[in-house]
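Examination of the molecular architecture
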Amino acid sequence: MSALYIHIPYCKQRCIYCDFYSSATKEDKKDYIDALIQEFKERKSEVKEPIETLYIGGGTPTTLSKEEISYLFKHILEEKELYNLKEITIEANPENLSKDYIEYLKNHTPINRLSIGIQSFDNADLITIGRKHSKEDAILAVKQAQELGFNNISIDLIYNLPQMDKEKWLKNLKTAKDLNIQHISAYSLTVEEKTILHKLIEKGELTLAKEDEQIEQYDLTITYLTNNGFEHYETSSFAHLNTETDNNTSLYRSKHNSSYWNNTPYIGIGASAHSYNLEQRRWNIANIKEYIQKIKNNLPYYEIENLSTKDKYNEYIIIGTRIKEGLNLTQIEANFPPTYATHFQTQIKSLIEKNLIDKNHTNYRLTQEGEHIANTIAIELMR
Ligand SMILES: C[S@@+](CC[C@H](N)C(=O)[O-])C[C@H]1O[C@@H](n2cnc3c(N)ncnc32)[C@H](O)[C@@H]1O
């Protein structure tokens, strides 16, 4: 299988923590969508295997009007490469999810999964981080989406926000659990350079929890969600598990994101979108105007990097330290020169002795203690 990502780089306003490519302008939307369609039509032949998942991400895709979404779908869905889609997700923000808009998404588009950017159920925190919705808006959006027939809903939450402690985070998790949704992405706040958050922390106007407290919020996330029926299948990803039918692998894992983690090729369309074809990574220019102009005039609008054996191995390690399935020695032996497996075995031995990695047949997974220092472990295993 393969996957398709479409980037919609428009947001009403920028959140203080965000460094994803987006713009608050509404200009050029029609031209941008035309450019997306053109890029897809020009690149669809790159796909060698059926595209099974489509993810429309942002930015904020739900800033698109109903007409704009219909126009985009009308032009891309006519392509036979998209006849096999199984999971079609749109990232949605609560403030855009009126009853009318949800009804439209459900009844007039093929979208079958919503990923709602809630971030927090605490109204004071929502204001601090620059969100446009309230806790009440978020809960209403989820409930209405459920009533209108969406049965695969994910929400994004962020912990370790400034002024957040375990009690406040637990309240967030409880609210999320009570919504009976299928998936939760819970991210630890990362402070990216050049964001407003970074400046406010440097100036001392916002403070983050100490490292120990941050680890406790991570542990709490795992304990609470796994005790409440969620499968923890990737560092930040939790999918509801039906223990009677699912056999330890939830039906509600994000198929699209899983393809990123399973070495599946994907094409990413739009400004700043990334693509991967097993041998190369490519990324489009992160500028709406230039993207449109270059596509229109047939000029190069992307850069490409050829992946070396070392790059591929290192990526395998980074992903393997994040996913439930872990790292697999047989796969390393099959896909990389023998020196890689030797290096891996030498390093893994001392990590097992330190109780940072668990071995199960030929699979190696981080222990919970290991997860606290996942980046350090990945660096030790990398070449
Ligand atoms: C592309 S963003 C989605 C944006 C979406 N339109 C919104 O406004 O919620 C994907 C998710 O990444 C997470 N995220 C973005 N920046 C982050 C940061 N600096 N630290 C932690 N999580 C972040 C948020 O949970 C966000 O919903």
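Residues numbered from 1 in each chain as written. Predicted model: local features only at pLDDT ≥ 70, side-chain atom pairs only at ≥ 80, totals over all residues.

Looking only at helices and strands, one finds 15 helices and 15 strands in the protein chain. Referenced to the eigenvectors of the C-alpha coordinate spread, the extents of the protein chain come out at roughly 60 × 50 × 45 Å. Every one of the 383 residues in the protein chain was classed for burial, and the buried ones make up 36%. Long-range pairs, those at least 24 residues apart, make up 70% of the contacts in the protein chain with a sequence separation of at least 6. (Helix = DSSP H or I, 4+ residues; strand = E, 2+ residues; numbered from the N terminus. Buried ≥ 20, exposed ≤ 12 C-beta atoms within 10 Å, placed from the backbone. Contact = placed C-beta atoms within 7 Å.)

Here we come to the domain arrangement of the protein chain. Segmentation of the protein chain into domains returns domain 1 (2-261) and domain 2 (309-381). On a C-alpha basis, the centroid separation for the pair domain 1 and domain 2 is 29 Å. Every element with two or more residues in the side of domain 1 that touches domain 2 is listed here: α8 (211-227) and β7 (230-234). Tallied by class, residues from the side of domain 1 that touches domain 2 come to three nonpolar, two polar and two charged. (Domains from an automatic or database assignment. Nonpolar A, V, L, I, M, F, W, Y, C, P; charged D, E, K, R; others polar.)

Tracing the backbone through its elements, the reader meets N152 in the loop between α5 (135-147) and β5 (153-159). On a C-alpha basis, the gap between N152 and L351 in space is 38 Å, while along the polypeptide they are 199 residues apart. Setting aside residues no more than four positions away along its own chain, N152 makes contact with N112, R113, Q182 and Y252.

Another point: the pairing of strand β8 (residues 237-240). It is a general feature of regular strands that their side chains alternate between the two faces of the sheet. Side chains S237 and A239 project from β8 onto one buried face, and the interleaved F238 and H240 project onto a second face that is buried too. Note that strand β6 (residues 183-188) and β8 share three bridges and pair antiparallel. Along β8, the bridge assignment pairs I184 with F238. The pairing of β7 with β8 spans four bridges and is classified as antiparallel. Of the residues in β8, the one forming a bridge with E234 is S237. Hairpin connection, β7 to β8: the antiparallel pair is bridged by two residues. (Pairing = 2+ DSSP bridges.)

Once that is clear, we can look at the nonpolar core. Among the nonpolar cores identified, the biggest contains 71 residues, and L4, I155 and I184 are the most heavily contacted of them. Non-local contacts of I184, meaning those with residues more than four positions away in its chain, are made with S154, I155, L157, A176, L225, F230 and F238. Of all hydrophobic cores here, the second largest spans 13 residues; its members include I317, L356, I377 and L381. (Core = buried A, V, L, I, M, F, W, Y, C linked by C-beta atoms within 7 Å.)

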